[in-house]
Amino acid sequence: MITYTRGILGTLKLDRMEVKRQRNKQSNDPIWYDNIFAFDIETTSAFITPDGRIMSYDFDLPEDFYTECQKIGIMYIWQFGIEYDEGMHVIYGRTWQEFMQFFEELIEAFPHNKIIYVHNLSWEFAFLQNVFSFDHVFARKPHKVLTCDTGNSHFRCSYFLVNTSLDKWAEDRELPVRKLKGKLDYNVIRTPYTPISADELSYCENDVLVIFEGIKLFRRKYTHLFKIPLTMTGEIRVVLDQITKTEVKYKQNNVKMLPPDLTTYRLYMAAFGGGDVHANYIYSNKLQHNVHPYDIASSYPWACISEGFMCAPPVQVKETRDLFMNNPDYAYIIIFEATGIKCKLFNTFLSFSRCQMVRGFTLDNGRVMSADYVCACMYKWDFEMFRDFYDYEALNILEVRVAPVRPLNNEMRKYIITLYRDKTHLKGIDDKKSVYDFAKQCINGIYGDMVQRQFDDEVIYDNGTWEVKSVTDEHYMELLTKARRRGYKLYKSILTGIAIPSAARRNLWRGIIAPLDSQIVYFDTGAGKYIGIS
């Protein structure tokens with residue numbers, strides 16, 4: 001690594017890889033650098049005690065002790081990588097003052113648009129927000145930053161792109177450099193004036209080099225840095241958009257199925273439930289032996305290709321609802337209320353967070369074991385499981401919306417089957433590793449794309465404060481209009497995203513949890529851990 005001194009960039013070989021990012025024929029195309037830039041910091045976490053002492057975390061002290069302390073974070077070294085034709089210069093400094101001086105020199109040397117990758121940008125952003133006044137911050141949730149821009153410098157989070165640690169990224173993609181392990185004791189308090197050994201500097205340098213080597217593969221795939229998607233889901237989106245490019249009628253139908261107003265959208269979202277993770281309360285907080293796994297291979301992809309999904313906007317029915325609710329050619333979203341409910345199993349199905357109202361309840365770590373009254377909104381298969389796994393005194397259906405079902409688009413189903421074949425058949429074959437890695441990434445990412453909300457609340461960052469601005473009726477209609485205009489890219493329906501995890505839960509509960517109820521120790525999405533004979 002190169003120690004930062006003022007004017008250091010003037011002494012280094014710098015190759016400026018300039019490209020124009022074409023937007024349209026009328027605009028002046030901005031210039032972007034195809035150089036890979038990478039940034040990382042190392043920090044110390046410490047506590048200021050009520051009597052003014054600074055100390056690291058002590059495992060021998062009770063947790064209550066730390067509630068009276070002030071937690072602090074100190075950056076004690078920063079590393080910045082700049083690509084040139086022979087590799088990457090990695091420059092490091094110890095203080096934020098040095099970093100600001102360096103960054104001014106960087107802007108002078110590279111005045112056009114540049115993308116700076118940071119692994120887990122959310123962490124670095126907590127410090128950078130005190131250094132820069134950002135022009136734009138994009139986050140899906142408060143503090144979960146995907147991108148942030150200051151001038152022509154665009155920080156991007158590489159963690160959201162690969163959805164794994166630096167260590168695993170280097171290992172899975174067999175990068176020529178690996179993250180070094182065991183070189184830094186994170187419980188030691190360090191400051192910018194703490195001496196750092198050569199081994200510790202190598203640890204810091206390799207973190208930046210892993211980002212560099214990993215992003216090089218993405219650049220090779222997408223030809224330019226600015227074409228690389230922000231997230232792994234974005235990668236999947238590019239592929240699914242391509243394979244459904246000619247499916248015009250299918251996409252037109254998805255446009256028709258967009259929720260026509262905010263009330264309907266919220267109803268759909270109330271019926272959505274994600275992954276299913278829980279422990280059996282009879283085994284919780286106890287050491288267990290003779291525990292075995294039992295799983296459904298690729299549970300979500302299997303649901304995608306094997307189930308029928310709503311293919312028309314669901315309509316409300318009353319008198320004839322029993323005909324539709326018992327018909328396999330139809331699915332429904334239901335709002336119901338029940339009194340005197342009690343779970344039949346040791347494992348509890350109904351999540352408290354999914355209930356619209358609950359009274360007189362007993363919980364099992366966030367699951368409703370019993371209640372005097374409950375009101376909930378569910379998709380078809382979740383409601384069927386509620387009736388299977390709970391006793392109740394009375395049940396009253398408040399609203400039912402039904403729609404016919406059909407399988408997922410045929411091109412998407414064939415693609416998922418291809419991914420599954422590559423994932424299962426190509427493992428361990430050296431010359432097929434890149435195909436296997438991509439198949440493994442995509443088949444896991446398809447679910448994430450399918451269930452991603454089409455109309456999210458707005459997350460606003462303003463000078464150190466975060467605010468979540470709920471979608472209003474007026475704003476929703478604006479978002480809906482934009483979505484309809486981009487209907488040529490709408491390869492999925494929001495109702496499909498609701499049905500997929502519901503189908504996976506049904507398979508998990510009916511196939512594993514209910515039959516092995518008293519033996520189940522823990523379950524997660526498509527797998528269970530049970531006690532007994534393997």
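Further up the page is the structure itself.
Note that the coordinates shown come from a computational prediction; the quantities given were computed from them, not determined experimentally.

Engineer: I'd like a rundown of the packing of aromatic side chains, residues and numbers included.
Structural biologist: A complete count under the given rule lists 50 aromatic pairs for this structure. Judged by centre distance (5.2 Å) and plane angle (85°), the rings of Tyr 33 and Phe 110 are edge-to-face. Here the residue Tyr 33 occupies a position in strand β3 (residues 31–33), and Phe 110 occupies one in the loop between α2 (96–109) and β8 (114–118), the gap between them amounting to 77 residues. An angle of 65° between the planes, with centres 5.6 Å apart, marks the rings of Trp 123 and Phe 127 as edge-to-face. Taken together, the residues Trp 123 and Phe 127, both in helix α3 (residues 121–128) and 4 residues apart, mark about one turn of the helix. You can call Trp 123 partly exposed: its relative accessible area is 39%. In this structure, Arg 16 packs its charged tip against the face of Phe 110, placed 5.2 Å from the ring centre. If you follow Arg 506 out to its NZ or CZ, it ends over the ring of Trp 381, 4.7 Å from the centre.

Engineer: Any details on unusual backbone geometry? Residues and values, ideally.
Structural biologist: With the exception of glycine, most residues fall at negative phi, and the peptide bonds are largely trans. The phi dihedral of Ser 298 falls on the positive side, at around 45°, and the residue is not glycine. Mapped onto the elements, Ser 298 comes out in the loop between β13 (291–295) and α10 (299–306). By relative accessible area, which is 14% here, Ser 298 ends up buried. Unlike most non-glycine residues, Thr 525 shows phi in positive territory, near 60°. With respect to the secondary-structure elements, Thr 525 resides in the loop between β23 (520–524) and β24 (527–531).

Engineer: Let's hear about the sheet that holds β24: which residues, and what values?
Structural biologist: The strand order across the open sheet formed by 4 strands is β12-β23-β24-β13, and the pairing between neighbours is antiparallel. Two strands close off the open sheet at either side, each with one partner strand: β12 (277–279) and β13. Within this sheet the neighbouring strands show an average axis-to-axis angle of 15°, counted without direction. Strand direction decides the pairing type here: β23 and β24, joined by 4 bridges, are antiparallel. Among the inter-strand pairings, Ile 520 is bridged to a residue of β24, identified as Tyr 530.

Engineer: Go over the side chain of Arg 94, please, and point to the residues and values.
Structural biologist: Position of Arg 94 among the secondary structure elements: in the loop between β7 (87–93) and α2. An unpaired buried charge is present at Arg 94: no salt bridge exists, and Glu 98, the closest side chain of opposite charge, is 6.7 Å distant. A polar contact of 2.5 Å, which involves the side chain of Arg 94, links it to the backbone oxygen of Tyr 76. Only 3.4 Å separates the side chain of Arg 94 from the backbone oxygen of Pro 192, close enough to count as a polar contact. Leaving out residues up to four positions away in the same chain, Arg 94 has contacts with Met 75, Tyr 76, Ile 77, Trp 78, Thr 191, Pro 192, Tyr 193, Thr 194 and Ile 196.

Calculation criteria
- Residues numbered from 1 in each chain as written.
- Predicted model: local features only at pLDDT ≥ 70, side-chain atom pairs only at ≥ 80, totals over all residues.
- Heavy atoms only, no water.
- Phe/Tyr/Trp six-rings, centres within 6.5 Å; stacked < 30°, edge-to-face > 60°.
- Helix = DSSP H or I, 4+ residues; strand = E, 2+ residues; numbered from the N terminus.
- Buried < 20%, exposed > 50% of the residue type's maximum accessible area, 1.4 Å probe, protein only.
- Lys NZ or Arg CZ within 6 Å of the ring centre and 35° of its normal.
- Pairing = 2+ DSSP bridges.
- Axes fitted to C-alpha atoms, helices over the stretch in contact; angles between N-to-C directions.
- Lys, Arg positive; Asp, Glu negative; His and termini not counted.
- Salt bridge = Lys/Arg side-chain N within 4 Å of Asp/Glu carboxyl O.
- Polar contact = N/O pair within 3.5 Å; in protein donor to acceptor, adjacent residues only side chain to side chain.
- Contact = heavy atoms within 4.5 Å.

Function cannot be read off these values alone, since they describe shape.
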